[in-house]
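Each chain, letter by letter, is given below.
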Amino acid sequence: MNKGLQLRNISKYYDEGSHRVAALDRVSISVAPGELVAVIGPSGSGKSTFLSIAGALLQASEGEVELNGQNITKLPDKQLSAIRLKEIGFIMQSSNLVPYLNVLDQLLLVKKMSGKVTAKDKAWAVKLLEDLGMGAKLQRFPEELSGGEKQRTAIARSLVNDPNVILADEPTASLDTKRAHEVVSLIEKEVKARQKAAIMVTHDERMLEYCNHVYRMEDGKMSLVRL
Ligand SMILES: Nc1ncnc2c1ncn2[C@@H]1O[C@H](COP(=O)(O)OP(=O)(O)O)[C@@H](O)[C@H]1O
Ligand SMILES: [Mg+2]
């Protein structure tokens, strides 16, 4: 059973020459399985730093991160990368697809990184892409896809290792309004159906209707806007 994601009293300091910048100031959040949580806030307020720590890409200066019941705060880098691969699905602002791989191979690459690809893995990936409306485009390359299709592929890819946590940083930044709604409602649907604990950073207030809770980041401090 997925136990979700908890951050407790996370602070992050960056050294800027002689002085210390607090990018995060005692941030706490708990995300349960099946929940999609939004984080909004101005540029430079600490959103990406927060998401990087939640995704085990960056170490906090203080505080604790617990992922699916495991305290990952002090784990060595090697263990953290294994946890990232297995436990966390990332969806980024631009879809970050590999230019020379077709849609299906984008997913199989992730499988390959964590072991051998079996016929069963391949069938699972095809089914997932069909679920996300990409069934007719399995052989297409990224440059042959629309912005919305790229993000749908990126959503599918984030689900490949069946991670417990999904983290999305501005996933609609490159999309028009209609595609943005499609993409976020798809994220919401998958988060619910697969019981993922999900956090989405967004600038777009219109996307908040899909989220269970909304937090605001301001000068490294996080506050609850809407339950
Ligand atoms: N690697 C870094 N070194 C020094 N300062 C950084 C670094 N990354 C971010 N910061 C600073 O931390 C603060 C928060 O940045 P960031 O998390 O990127 O905010 P956001 O994603 O909300 O725009 C900013 O003041 C930024 O300049
Ligand atoms: Mg950012």
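Just so it is clear, the model here is predicted, and its values are computed rather than measured.

Novice: In this structure, what is going on with the pairing of strand 10 (residues 221-226)? I would like to understand it.
Specialist: Regular strands place their side chains on alternate faces of the sheet. As paired elements, strand 9 (residues 213-218) and strand 10 share 5 bridges and run antiparallel to each other. Paired with Y215 across the two strands is L224, which belongs to strand 10. If you look at the hairpin formed by strand 9 and strand 10, you'll find 2 residues sitting between the two strands, and D219 has a positive phi there, around 50 degrees.

Novice: Would you explain the packing of helix 3 (residues 103-113) against helix 4 (residues 119-131) in this entry?
Specialist: Helix packing geometry: the angle between the two helix axes and the distance between the axes. Between helix 3 and helix 4, whose axes approach to 10 Å, the crossing angle comes to 130 degrees. What the angle tells us is that helix 3 and helix 4 run oblique. In this structure, helix 3 meets helix 4 at a crossing whose hand is right-handed. Judged by residue contacts, V103, L104, L107, L108 and K111 of helix 3 engage D121, K122, A125, V126, L128 and L129 from helix 4. Here the residues of the contact of helix 3 with helix 4 are counted per class, giving 8 nonpolar, no polar and 3 charged.

Novice: It is not clear to me how the site of ligand 1 should be interpreted in this structure. Could you clarify?
Specialist: Surrounding ligand 1, one finds Y14, E16, A23, P42, S43, G44, S45, G46, K47, S48 and T49. Within the side chain of K47, one N or O atom sits 2.8 Å away from an oxygen atom of ligand 1. About the coverage of ligand 1: the protein hides 60% of its 560 Å² of free accessible area. Those elements that place two or more of their residues in the shell around ligand 1 are strand 1 (5-16) and helix 1 (47-54).

Novice: Any chance you could explain the pattern of salt bridges here in plain terms?
Specialist: Close approach of charged atoms allows side chains with opposite charge to pair. The full count for this structure, using the stated rule, is 14 salt bridges. Across the pair K178 and E182 runs a salt bridge whose closest N-O atoms are separated by 3.5 Å. Placement of the pair is K178 and E182 together in helix 6 (residues 177-194), with a separation of 4 residues, close to one helical turn. Its relative accessible area of 52% is what places K178 among the exposed residues. The exposure class assigned to E182 is partly exposed, which follows from its relative accessible area of 34%.

Novice: For this particular structure, what's the right way to read helix 3?
Specialist: Think of an α-helix as 3.6 residues a turn; residues three or four steps apart then line up on the same face. V103, L104, Q106, L107, L108 and V110 are the residues of helix 3 that are buried. In this structure, the buried side of helix 3 is in contact with helix 4 and helix 5 (147-158). In this structure N102 caps helix 3, since a side-chain oxygen of it lies 3.2 Å from the backbone nitrogen of L104. G115 sits one or two residues past helix 3 and shows a positive phi near 150 degrees.

Novice: Even after reading the chapter, I still don't get the packing of helix 5 against helix 6, so can you show me in this structure?
Specialist: In the contact formed by helix 5 and helix 6, the axes pass within 10 Å of each other and the chain directions differ by 10 degrees. On the basis of the axis angle, helix 5 is roughly parallel to helix 6. In contact with G148, Q151, R152 and I155 of helix 5, helix 6 contributes R179, V183, L186 and I187.

Novice: How do you make sense of the pairing of strand 4 (residues 62-67) when you look at a structure like this?
Specialist: Taken together, the 5 bridges between strand 1 and strand 4 define a ladder with antiparallel strand orientation. The partner of Q6 across the bridge, within strand 4, is E66. Pairing geometry for strand 4 and strand 5 (residues 70-71), over 2 bridges, is antiparallel. Within strand 5, the residue paired with E66 across the bridge is N71. Remark: 2 residues form the turn of the hairpin made by strand 4 and strand 5, two consecutive strands paired antiparallel; N68 in that turn has positive phi of roughly 50 degrees.

Reading the values: rules and limits
- Residues numbered from 1 in each chain as written.
- Chains lettered and ligands numbered in written order.
- Predicted model: local features only at pLDDT ≥ 70, side-chain atom pairs only at ≥ 80, totals over all residues.
- Heavy atoms only, no water.
- Pairing = 2+ DSSP bridges.
- Helix = DSSP H or I, 4+ residues; strand = E, 2+ residues; numbered from the N terminus.
- Axes fitted to C-alpha atoms, helices over the stretch in contact; angles between N-to-C directions.
- Parallel < 35°, antiparallel > 145°, perpendicular 65-115°, else oblique.
- Left-handed = near helix turned anticlockwise from the far one by under 90°.
- Contact = heavy atoms within 4.5 Å.
- Nonpolar A, V, L, I, M, F, W, Y, C, P; charged D, E, K, R; others polar.
- Near = heavy atom within 4 Å.
- Polar contact = N/O pair within 3.5 Å; in protein donor to acceptor, adjacent residues only side chain to side chain.
- Areas by Shrake-Rupley, 256 points an atom, 1.4 Å probe, with all protein chains shown as cover.
- Salt bridge = Lys/Arg side-chain N within 4 Å of Asp/Glu carboxyl O.
- Buried < 20%, exposed > 50% of the residue type's maximum accessible area, 1.4 Å probe, protein only.

Function cannot be read off these values alone, since they describe shape.
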